Amino acid sequence: MIRRIWTLFKARNMEFFRDRAAYGWNLLFPFMIIIGFSVMFNEEQQTMFKVGVLIESNTNSTYASENVSVSGIEDNQYRSFRKTKYIDFIEFTVFNHAMDKLKHHRIDLLIDPRSKRYWLSQTSPKGYVVERLLKATAETRKTFYKQKKISGREIPYSEWLFPGILGMNIMFSALYGVGYTVVRYRENGVLKRFSVTPLKPYEFLAAQIISRIYLLFITTLIVFLGCTLIFGFKCHGSYLSLLALFFLGGFSMISVGLVVAARSSSEEFANGILNLISWPMMFLSEVWFSLEGAKPWVKTFSEFLPLTHLVTGARKIMNDGATLFEIKYQLLMLTGMSLLFFITGSIFFKWNRN
Amino acid sequence: MNIVLEVQNLTKIYPGIKAVDGVSFSIEQGVCFGLLGPNGAGKTTTIEVIEGIVPPTSGQVLYKGKHRGARFREEVGIQFQNTELPAFLSVKETLETFRNLYGRKSDMDELVETCYLQEILSSDNRKISGGQKQRLLLAMALANDPELIFLDEPTTGLDPQSRRHLWDIVRKIKTKKKTVILTTHYMEEAQILCDIIAIMDYGKIIASGSPEKLLEEQCSGIAVILHEHLDEKILNSIQGKWIRSKDGVEIYPEHLNDCIKTLMDMKINLSTLTIRPQNLEDLFLKLTGKRLRA
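These numbers come from a predicted model, not from an experiment.

### Structural notes on the overall build of chain A
Scanning chain A for helices and strands turns up 13 helices and 5 strands. With 354 residues in all, chain A has 36% of them scored as buried. Taking contacts inside chain A between residues at least 6 apart in sequence as the whole, the part at least 24 apart equals 82%.

See below:
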């Protein structure tokens, strides 16, 4: 039994490492995501709103239309507003050009400091917020709230994102690396060929799972080390805890892949099902953004996704230095899901096409 | 002689079609048994049921007198009609992978030599030719030094040279007293390789025995082939049977001399005439009214 599992483990690994396009993509993809988001969310370049400023243009200072309103501003109000952080002020020389941008929500507000007027699209939510900010700069009322600086380590977005990207990479690699591969084997007859040898289904499945977990560790380690060296990310918790979490997370998602691959013999069908599973999982497992404020049913739904628990656990370990005991809920959920999907996939597994 | 395989009243019904209809036969050790028939006759279904890939609707298969179990998997070698090879592995790695799945293994060097794989051992599976692929698939079927070997249309789609290579390998296997079950729709292949043949049509075995015996008993005459379009009146005047072929006519006369004389009397151009002994293809035609390679 061990010899057969070892043989298939070796064969699958050779197949993976020699498929340079797939292997390269597995490694390159997370780097590209992190680099892209680091650039996008660099604080210096981070803008939340865009405001157009008219210079040297003959404007129709009273222009208004069905969706565009015009109001007046004070000099000191404008000067104070220009100092607001995270607003990108874009200069325009042609009034009509700027107005087109406003109507198409490409800018959130348009100001003409000379005529002391600003224009706002009535249908732009961001325009509404920017107007509130503009008005607030003129108010000098005392606030009842006192500002207090928060203490403790701040976590930039890219560092918060990093565990999510690792989790997402594990998800894609696990789902497609096992689910899609097994379906391809079934479609092209390789599974049928194995089925007439003394190889047992559980030996074949075990070899696929062990191989994929091994490959997941290798690719995740390379991505982890690369990102640590390039971006200076740190894991504030134990590496062993992280390893245990990644093992369970990887195993649970490989098991999901096995369920998809249990019977299907169509690559197109399997691809569709894997997309149906992976895309909602990617968006509802807090890989990219927090679900704080999301509707309760969305949060409840996300609890049934293994990636949610993998990413949450990884963030707790990497960002907050949590111990295994502190992520026991995530570990328990991942163990339960792994068993459920693995048993289901094994029961329904068939060598041949139906 | 020892009976290696016994098939008893095997039936396989798919929705709307009876693919195998009460097939029975037994195969002695060391025999090359050929299942002969046109596409859709039920050959592949029959051997896939025997191999254990497809469950039978009824009937049973006995290997060495017992129901097939773990021993059957360990002692048989199978070459399917259409199987892809594992991608990104070399020929040698593929063979080693399959050898390691068995407790009993063929000697690697002997296997490579038997199947003429020396020159492509380090080649990627994706880069070998159709004939080389078939030889590798055959080597994979021999990876466990099997006692019973299934070859499902091993030469279909191959060029004549690759086909002869495959025949050589099967002949070598036969010299080692291995039992072979071969399906084919090439009459020549069956006649060259098989000791016993069973002709299948519509899921049934319609004749079986050694090729020589079958021909002697049922098809011992000669065939006159003429690449001319003859009138039906002329053909009916000849004693015997006739059938129109792609570019002429095939006549199975009761008396050759009378047949030739009739054709000459009718002033038929005989420059394209050939005469040959009847073969398995003629036998199949006689039994079913159809050509083998339909």
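### Quick word on the sheet that holds strand 5 (residues 66-67) of chain B
Note: strands within a sheet are paired through backbone hydrogen bonds, in either parallel or antiparallel orientation. All names here are of chain B. Ordered by their spatial adjacency, 4 strands build an open sheet running 2-1-4-5, and the pairing between neighbours is antiparallel. Two strands bound the open sheet, and with one partner strand each, they are strand 2 (17-28) and strand 5. The pairing of strand 4 (residues 58-63) with strand 5 spans 2 bridges and is antiparallel. Bridging from a neighbouring strand, Tyr63 pairs with Lys66 of strand 5.

### So, the packing of helix 9 (residues 239-261) of chain A against helix 13 (residues 328-348) of chain A
All names here are of chain A. In contact at an axis separation of 8 Å, helix 9 and helix 13 are set at 30° when each is read in the N-to-C sense. On the basis of their axis angle, the class for helix 9 and helix 13 is roughly parallel. With respect to the hand of their crossing, helix 9 and helix 13 are arranged in left-handed fashion. Between helix 9 and helix 13, the contacting residues are Leu245, Leu248, Gly249, Phe251, Ser252, Ser255, Val256, Leu258 and Val259 on the first element and Leu331, Leu334, Thr335, Met337, Ser338, Phe341, Phe342, Thr344 and Gly345 on the second.

### Some thoughts on the interface of chain A and chain B
Across the boundary between the two partners, chain A contributes 19 residues, which contact 20 residues of chain B. Where the side of chain A that touches chain B is concerned, the elements lending two or more residues are helix 1 (2-18) and helix 7 (190-195) of chain A. Sorting elements by how many residues they give to the side of chain A that touches chain B places helix 1 of chain A first, with 7 residues. In the side of chain A that touches chain B, the residues fall into 6 nonpolar, 6 polar and 7 charged.

### With respect to the packing of helix 8 (residues 211-218) of chain B against helix 11 (residues 280-288) of chain B
Residues and elements named next belong to chain B. Contact pair helix 8 / helix 11: the axes reach a minimum separation of 10 Å and the direction vectors enclose 55°. Between helix 8 and helix 11, the angle falls in the class oblique. As for how helix 8 packs across helix 11, the hand of that crossing is left-handed. Side by side, helix 8 and helix 11 meet where Pro211, Leu214, Leu215 and Gln218 of the first sit next to Leu280, Leu283 and Lys286 of the second.

### Quick look at the nonpolar core
B:Ala139 and B:Val180 are the most contacted members of the largest nonpolar core, which has 127 residues in total. Ranked by residues supplied to this core, first place goes to helix 6 (residues 157-188) of chain A with 13 residues. Ignoring sequence-local partners within four residues, the contact set of B:Ala139 consists of B:Leu95, B:Leu111, B:Cys115 and B:Leu117. Counting 16 residues, the second largest nonpolar core, distinct from the first, contains A:Ala98, A:Leu110, A:Ile111 and A:Tyr118.

### Structural notes on the confidence of the model for chain B
Residues at a pLDDT of 70 or more form 98% of chain B, whose mean pLDDT is 86. The ipTM for the predicted assembly is 0.78, set against a pTM of 0.74.

### Some points on the pairing of strand 5 (residues 117-121) of chain A
Sheet faces and side chains relate simply in a regular strand, where the side chains alternate between the two faces. All names here are of chain A. With 5 of 5 residues buried, strand 5 lies mostly within the body of the structure. Side chains of strand 5 alternate between two faces, with Arg117, Trp119 and Ser121 and Tyr118 and Leu120 buried alike. The loop that links strand 4 (residues 109-112) with its antiparallel partner strand 5 comprises 4 residues; one of these, Lys116, has a positive phi angle of about 55°.

### Here we look at the pairing of strand 10 (residues 204-209) of chain B
All names here are of chain B. Two elements, strand 9 (residues 196-201) and strand 10, share 5 bridges in a ladder whose sense is antiparallel. Pairing of Asp201 across the sheet is with Lys204, part of strand 10. Hairpin connection, strand 9 to strand 10: the antiparallel pair is bridged by 2 residues, and Tyr202 has positive phi, about 50°.

### A word on the environment of A:Val256
Residues and elements named next belong to chain A. Residue placement: Val256 occurs in helix 9. With 28 C-beta atoms counted inside 10 Å, the residue Val256 sits in the buried group. Those residues in contact with Val256 that sit more than four places away from it in its chain are Leu175, Ile277, Pro306 and Phe341.

### Describing helix 1 of chain A
Residues and elements named next belong to chain A. Taking 1.5 Å of rise per residue, 17 residues should cover 24 Å, and helix 1 covers 24 Å from first to last C-alpha, within 8% of that figure. Regarding helix 1, the residues found buried are Arg4, Ile5, Leu8, Ala11, Arg12 and Phe16. Each buried residue of helix 1 sits inside an arc of 135° when the element is viewed along its axis, so together they form one side. Turned more than 90 degrees away from the buried face of helix 1, the exposed residues are Ile2 and Arg3.

### Some words on the sheet that holds strand 7 (residues 148-152) of chain B
Residue and element names in this part refer to chain B. Taken together, 6 strands build an open sheet; the order of strands is 6-7-8-3-9-10 and the sheet is mixed. Lying at the two open borders of the sheet, with one neighbouring strand each, are strand 6 (76-79) and strand 10. Each neighbouring strand pair of the sheet contributes to a mean axis angle of 15°, computed without reference to strand direction. Lying over the sheet, helix 5 (residues 130-141) contacts strand 6 and strand 7, oriented at roughly 160° with respect to strand 6.

Procedures and definitions
- Residues numbered from 1 in each chain as written.
- Chains lettered and ligands numbered in written order.
- Predicted model: local features only at pLDDT ≥ 70, side-chain atom pairs only at ≥ 80, totals over all residues.
- Helix = DSSP H or I, 4+ residues; strand = E, 2+ residues; numbered from the N terminus.
- Buried ≥ 20, exposed ≤ 12 C-beta atoms within 10 Å, placed from the backbone.
- Contact = placed C-beta atoms within 7 Å.
- Pairing = 2+ DSSP bridges.
- Axes fitted to C-alpha atoms, helices over the stretch in contact; angles between N-to-C directions.
- Parallel < 35°, antiparallel > 145°, perpendicular 65-115°, else oblique.
- Left-handed = near helix turned anticlockwise from the far one by under 90°.
- Nonpolar A, V, L, I, M, F, W, Y, C, P; charged D, E, K, R; others polar.
- Core = buried A, V, L, I, M, F, W, Y, C linked by C-beta atoms within 7 Å.
- pLDDT = per-residue confidence, 0-100.
- Expected span 1.5 Å × (residues − 1).
- Arc of directions from axis to C-beta.

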